[in-house]
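Geometric and topological summary
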Amino acid sequence: MDNLRGRLTDGASPYGDDRDFDSAEDEPVRELPPADSVNVGSFAADVHWWIDGIPVRQARTRTMPAAATAPNGPTNLQAALWKIAAEVSGDRPTQLIVLTDGETSLPDARPLAAALAAQRVRLHVLAIGAGAALPALRTMTAATHGSFAEQLDAGRWLEGVRSLVRGAMPDRLIDGPVELRFNSPLSILKPRRIGQANRTWQKTTAARLGEMSHPAGPLPAAAMQAVGNGQVVACAFSPNAEE
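Since the structure is predicted, the reported quantities are computational estimates derived from the model, not experimental observations.

Parameters and conventions
Residues numbered from 1 in each chain as written. Predicted model: local features only at pLDDT ≥ 70, side-chain atom pairs only at ≥ 80, totals over all residues. Heavy atoms only, no water. Salt bridge = Lys/Arg side-chain N within 4 Å of Asp/Glu carboxyl O. Helix = DSSP H or I, 4+ residues; strand = E, 2+ residues; numbered from the N terminus. Buried < 20%, exposed > 50% of the residue type's maximum accessible area, 1.4 Å probe, protein only. Phe/Tyr/Trp six-rings, centres within 6.5 Å; stacked < 30°, edge-to-face > 60°. Pairing = 2+ DSSP bridges. Axes fitted to C-alpha atoms, helices over the stretch in contact; angles between N-to-C directions. Contact = heavy atoms within 4.5 Å. Core = buried A, V, L, I, M, F, W, Y, C linked by side-chain atoms within 4.5 Å. 1 Å grid on protein atoms, 1.4 Å probe; cavity = no way out; pocket = protein on both sides within 12 Å on 5 of 7 lines; lining within 4 Å. Points joined across faces, edges and corners; volume = space filled by probe spheres on them. Nonpolar A, V, L, I, M, F, W, Y, C, P; charged D, E, K, R; others polar.

**Focus: the pattern of salt bridges**
The tally for this structure, following the rule as stated, stands at 5 salt bridges. Among the ionic pairs, Arg192 bridges to Glu243, the shortest N-O distance being 2.6 Å. Of this pair, Arg192 sits in strand 8 (residues 192-198) while Glu243 sits in the segment after strand 11 (230-235); the two residues are 51 residues apart in sequence, bridging distant segments of the chain. The class for Arg192 is partly exposed, based on a relative accessible area of 21%. Relative accessible area serves as the criterion here: at 29%, Glu243 is assigned to the partly exposed category.

Structure (structure tokens):
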């Protein structure tokens, strides 16, 4: 599946206050599947990664933004994007989410978009200002099959980031026949083919009771979790009468 391997915020943006900025910073990590890898950083004169290629479940324990990342200096978005295009391996899709006021210039917009697309990077932009670079950014998001949204109200940045991240994520509904098999203690149930299922991520404390086939490898289809003095079973599919 796609991973959110890079996300940048404009370290030079004067819009909003620190509370709005901090909330918008943390939101993408909360929205992501725990097993995905994530990078989170800021850019002004250069790119600074606060979180660099670690699992989402680990990133959720980090405090963001780091104390040294207060808005400062000019926005050098073009250099930041060129750096990302050079750093990503291109071995899997990368969803790059950028929050910026657009107060910069992007003379290399066309070749930069081509470089990102060649590395399988999809650019998603949340514009939090009305800078001159926004038309170029809108063109770049289209060229990389990403998305573009504007939100000038700092009080709604969190909402805007949430919407952008969810739009960048792959469909969480598995639509198409997949093979379902059960593990002990449910191995007495017969394997079968199911038409639809939810894409799920198993907690490390849960016991897997069943799994389903998927191009990315076997996915959890049912699991059991201890809750208090009892056990809770969750399924990613609709059980039949026998199950």
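**Section: the packing of aromatic side chains**
For the structure shown, the criterion picks out 1 aromatic pair. Measuring from ring centre to ring centre gives 6.2 Å for Phe182 and Phe237, while their planes differ by 65°; the resulting arrangement is edge-to-face. Of this pair, Phe182 sits in strand 7 (residues 173-182) while Phe237 sits in the segment after strand 11, placing them 55 residues apart in sequence. The two residues Phe182 and Phe237 agree in class, both being buried.

**What about the sheet that holds strand 10 (residues 219-227)?**
What holds strands together in a sheet is hydrogen bonding between their backbones, with the strands either parallel or antiparallel. Spatially, 5 strands are ordered 8-7-9-10-11 in an open sheet, and the strand pairing comes out antiparallel. Taken across any chain shown, the strands that pair with only one partner, and hence form the sheet edges, are strand 8 and strand 11. Ignoring strand direction, the axes of neighbouring strands in this sheet form an average angle of 35°. Strand direction decides the pairing type here: strand 9 (residues 207-212) and strand 10, joined by 5 bridges, are antiparallel. Counted as the bridge partner of Met212 is Leu219 from strand 10.

**Overview of unusual backbone geometry**
Outside of glycine, negative phi angles account for most residues, and trans bonds account for most peptide bonds. With an omega of 10°, the peptide bond between Ser184 and Pro185 qualifies as cis. Summarising the element assignment, Pro185 is placed in the loop between strand 7 and strand 8. Positive phi, normally seen in glycine, also occurs at Arg120, with a value near 60°. Among the structural elements, Arg120 can be located in the loop between helix 4 (109-118) and strand 5 (121-127). Classification of Arg120 as partly exposed rests on a relative accessible area of 39%. Phi at His145 is positive, roughly 60°, even though this residue is not glycine. Mapped onto the elements, His145 comes out in the loop between helix 5 (134-143) and strand 6 (147-150).

**Side note on the environment of Ala85**
Tracing the chain through its elements places Ala85 in helix 3 (residues 77-87). When the C-alpha atoms of Ala85 and Ala117 are compared, they prove to be 8.8 Å apart, with 32 residues separating the residues in sequence. Contact partners of Ala85, with chain neighbours within four places excluded, come to Ala115, Leu116 and Gln119.

**Regarding the nonpolar core**
Among the nonpolar cores identified, the biggest contains 24 residues, and Val98, Leu137 and Met140 are the most heavily contacted of them. Elements with a minimum of two residues in this core: helix 3, strand 4 (94-100), helix 4, strand 5 and helix 5. Examining the composition of this core, we find that 5 residues originate from one element, helix 3, more than from any other.

**Focus: the layout of surface pockets**
Looking at the largest pocket, its volume works out to about 220 Å³. Counting residues per element, the ones that place at least two in the lining of the largest pocket are strand 10 and strand 11. A per-element tally of the lining of the largest pocket places strand 10 first, with 5 residues. Looking at the lining of the largest pocket residue by residue, the class counts come to 11 nonpolar, 3 polar and 1 charged.

Everything listed here is a matter of coordinates, which is why it stays silent on function.
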